[in-house]
Amino acid sequence: MTPREIAIAVFLAGGVFFTLVSAVGVIRLPDVYARAHTASQTDTLGAGLTLVAVVLALGFGTTTVKTLLLLVFIFITNPTAAHAVARAAHEEGIEPWREDE
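In this text, all values refer to a predicted model and were calculated from it rather than measured experimentally.

Basis of the calculations
- Residues numbered from 1 in each chain as written.
- Predicted model: local features only at pLDDT ≥ 70, side-chain atom pairs only at ≥ 80, totals over all residues.
- Heavy atoms only, no water.
- Patch = residues over 30% accessible without salt bridge, like charges linked within 9 Å, V, L, I, M, F, W, Y side chains within 5 Å.
- Areas by Shrake-Rupley, 256 points an atom, 1.4 Å probe, with all protein chains shown as cover.
- Salt bridge = Lys/Arg side-chain N within 4 Å of Asp/Glu carboxyl O.
- Helix = DSSP H or I, 4+ residues; strand = E, 2+ residues; numbered from the N terminus.
- Expected span 1.5 Å × (residues − 1).
- Buried < 20%, exposed > 50% of the residue type's maximum accessible area, 1.4 Å probe, protein only.
- Contact = heavy atoms within 4.5 Å.
- Phe/Tyr/Trp six-rings, centres within 6.5 Å; stacked < 30°, edge-to-face > 60°.

Focus: a nonpolar patch on the surface
And step 1. There is a patch of nonpolar side chains on the surface, built from Met 1, Ile 6 and Val 10 and spanning about 340 Å² of accessible area.
And step 2. Mapping Ile 6 onto the fold places it in helix H1 (residues 3-28).

Structure (structure tokens):
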């Protein structure tokens with residue numbers, strides 16, 4: 001395997017790992033605030049690593065520029081959407097989960 005193929009495999013494996021962690025976190029965490037947190041952070045990182053692997057696999061060209069623009073779009077919109085969900089939950093009066101309850 002060439003160093004490029006190794007880098008693609010590492011970024012892809014990292015992306016799959018963080019996306020899996022995000023999915024498990026959304027299922028297992030107790031309230032909307034924790035779920036929004038894991039969905040925004042680990043899902044953004046997983047998508048970012050996966051798109052970096054795509055950029056390396058495609059080489060440099062117009063498709064790479066589009067992929068990099070998609071990466072920027074994801075880095076902006078995922079945390080913004082999670083913030084909007086958490087803010088809406090707060091405005092609806094949803095209390096954070098506490099262990100003593």
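Focus on H1
And step 1. End to end, H1 covers 37 Å across 26 residues, agreeing with the expected 38 Å (1.5 Å per residue, within 8%).
And step 2. When H1 is considered as a whole, its buried residues turn out to be Ile 8, Gly 14, Gly 15, Ser 22 and Gly 25.
And step 3. Considering only its buried residues, H1 is in contact with helix H2 (32-58).

Overview of the packing of aromatic side chains
And step 1. Per the stated rule, a full pass over the model turns up one aromatic pair.
And step 2. Considering the side-chain rings of Phe 17 and Phe 18, the 5.2 Å spacing of their centres and the 75 degrees angle between planes classify their relative orientation as edge-to-face.

Comments concerning the pattern of salt bridges
And step 1. One pass over the full model with this rule turns up one salt bridge.
And step 2. Here Arg 87 makes a salt bridge to Glu 91, at a shortest N to O gap of 3.1 Å. In this pair, Arg 87 and Glu 91 are both assigned in helix H3 (residues 62-91), four residues apart and thus about one turn of the helix distant.
And step 3. The class for Glu 91 is exposed, based on a relative accessible area of 57%.

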